[in-house]
Amino acid sequence: MNRATVDVWVGIFVAIGLAAVVFLSLKAGNLLVTSNAPGYRLEAAFDNIGGLKVRAPVKAAGVNVGRVESIALDPVTYQAVATLRIDKQYAFTKDTIASILTSGLLGEVYVGLDIGGDEEMLADGGRIGKTQSAIVLEKLVGQFMLNQASSLASEKK
C-alpha cells in the first residue's frame, strides 16, 4: 500500500470516530430524540423538580412512554409545572401518580408514572392530580445533621 492510500483510510477512520463521539454526546445529553411518534400532552405540578430537565424521559413500569416537553413556574401556586409529551399508543387513568425519580445515585432524573385503577382516562391537555416531588439529597443530609446536633445538645444537658 502506498502512503496516499494509508492516509485516506486513516482519514476515514478518524471521521467515523468523530461521528461516533458526536452521536454519543447527543444521545447522552438527551438532545437526540429518536421517537417522532405523535402524542398528547399532560401537565403535572410539583413542589420541587430537583434536577429534572426538558427532554427527560417519562417512564411507566420502566418503559419510556414520552418526554418532558417544557417546565415552567406557576405564578399563582409557585409550583413547577412540567408538560409531558406522551406517545399516542399509551393511555393513563385519571388517578395516575407522577413522581420525579432518579436512576441510581447519580443517574438521570426522569418522571415516573404509576397507573391507578380509575376507568376514566386522561385526555390531551389533562392534568395529573397526584404528584410526588423530587427527593433532594442535600435537604435530607441537612435534616439528619440538624437532628444529630439536637440530640447531642440534649444529651449534654
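All of these numbers come straight from a predicted model, not from anything done at the bench. (Residues numbered from 1 in each chain as written. Predicted model: local features only at pLDDT ≥ 70, side-chain atom pairs only at ≥ 80, totals over all residues. Heavy atoms only, no water.)

**Q** Just give me the short version of the sheet that holds strand β4 (residues 80-87), but keep the residues and values in it.
**A** What the eight strands build is an open sheet, ordered β7-β1-β4-β3-β2-β6-β5-β8; its pairing is mixed. Only two strands of the sheet have a single partner each, and these edge strands are β7 (126-128) and β8 (130-132). For this sheet the average axis-to-axis angle between neighbouring strands, irrespective of direction, equals 30°. Sheet topology places strand β5 (residues 97-102) next to β8; three bridges connect them, and they run parallel. Bridge pairing in β8 places Ala-98 opposite Thr-131. (Pairing = 2+ DSSP bridges. Helix = DSSP H or I, 4+ residues; strand = E, 2+ residues; numbered from the N terminus. Axes fitted to C-alpha atoms, helices over the stretch in contact; angles between N-to-C directions.)

**Q** Describe the packing of aromatic side chains, naming the residues involved and giving the relevant values.
**A** Scanning the entire structure with this criterion turns up one aromatic pair. Ring geometry for Trp-9 versus Phe-13: centroids 6.3 Å apart, planes at 35°, classification tilted. With a gap of four residues between them, Trp-9 and Phe-13 both fall in helix α1 (residues 3-28), about one helical turn apart. Residue classification places Trp-9 among the partly exposed residues on the basis of a relative accessible area of 45%. Between the NZ or CZ atom of Lys-59 and the centre of the ring of Tyr-110, over which it lies, the distance is 4.8 Å. (Phe/Tyr/Trp six-rings, centres within 6.5 Å; stacked < 30°, edge-to-face > 60°. Buried < 20%, exposed > 50% of the residue type's maximum accessible area, 1.4 Å probe, protein only. Lys NZ or Arg CZ within 6 Å of the ring centre and 35° of its normal.)

**Q** How would you sum up the nonpolar core? Please name residues and give values.
**A** Across soluble globular proteins, nonpolar side chains have a tendency to be buried as a group. If you look at the biggest cluster of nonpolar residues, it comprises 24 residues, and the most contacted ones within it are Leu-52, Leu-84 and Leu-113. Those elements that place two or more of their residues in this core are β1 (39-46), β2 (57-60), β3 (63-73), β4, β5 and β6 (109-114). Ignoring any residue separated from it by four or fewer positions in sequence, one finds Leu-84 in contact with Tyr-40, Arg-41, Leu-42, Val-58, Arg-67, Val-68, Glu-69, Val-111, Leu-113 and Ile-128. (Core = buried A, V, L, I, M, F, W, Y, C linked by side-chain atoms within 4.5 Å. Contact = heavy atoms within 4.5 Å.)

**Q** Explain the pattern of salt bridges to me, and be specific about the residues and the numbers.
**A** Tallied over the full model, the rule gives six salt bridges. One salt bridge in this structure joins Glu-69 and Arg-41, with 2.4 Å as the shortest N-O distance. Placement of Glu-69 in strand β3 and of Arg-41 in strand β1 is noted, with a sequence separation of 28 residues between them. Among the charged side chains, a salt-bridge network with shared partners connects Arg-41, Glu-69 and Arg-85. (Salt bridge = Lys/Arg side-chain N within 4 Å of Asp/Glu carboxyl O.)

**Q** Account for the confidence of the model for the protein chain, with residues named and values stated.
**A** A residue-level look at the protein chain finds 91% of positions with pLDDT of 70 or above and a mean pLDDT of 84. Looking over the protein chain, one finds the lowest element-wise mean pLDDT in helix α2 (residues 137-156), namely 76, and the highest in β4, namely 92. (pLDDT = per-residue confidence, 0-100.)

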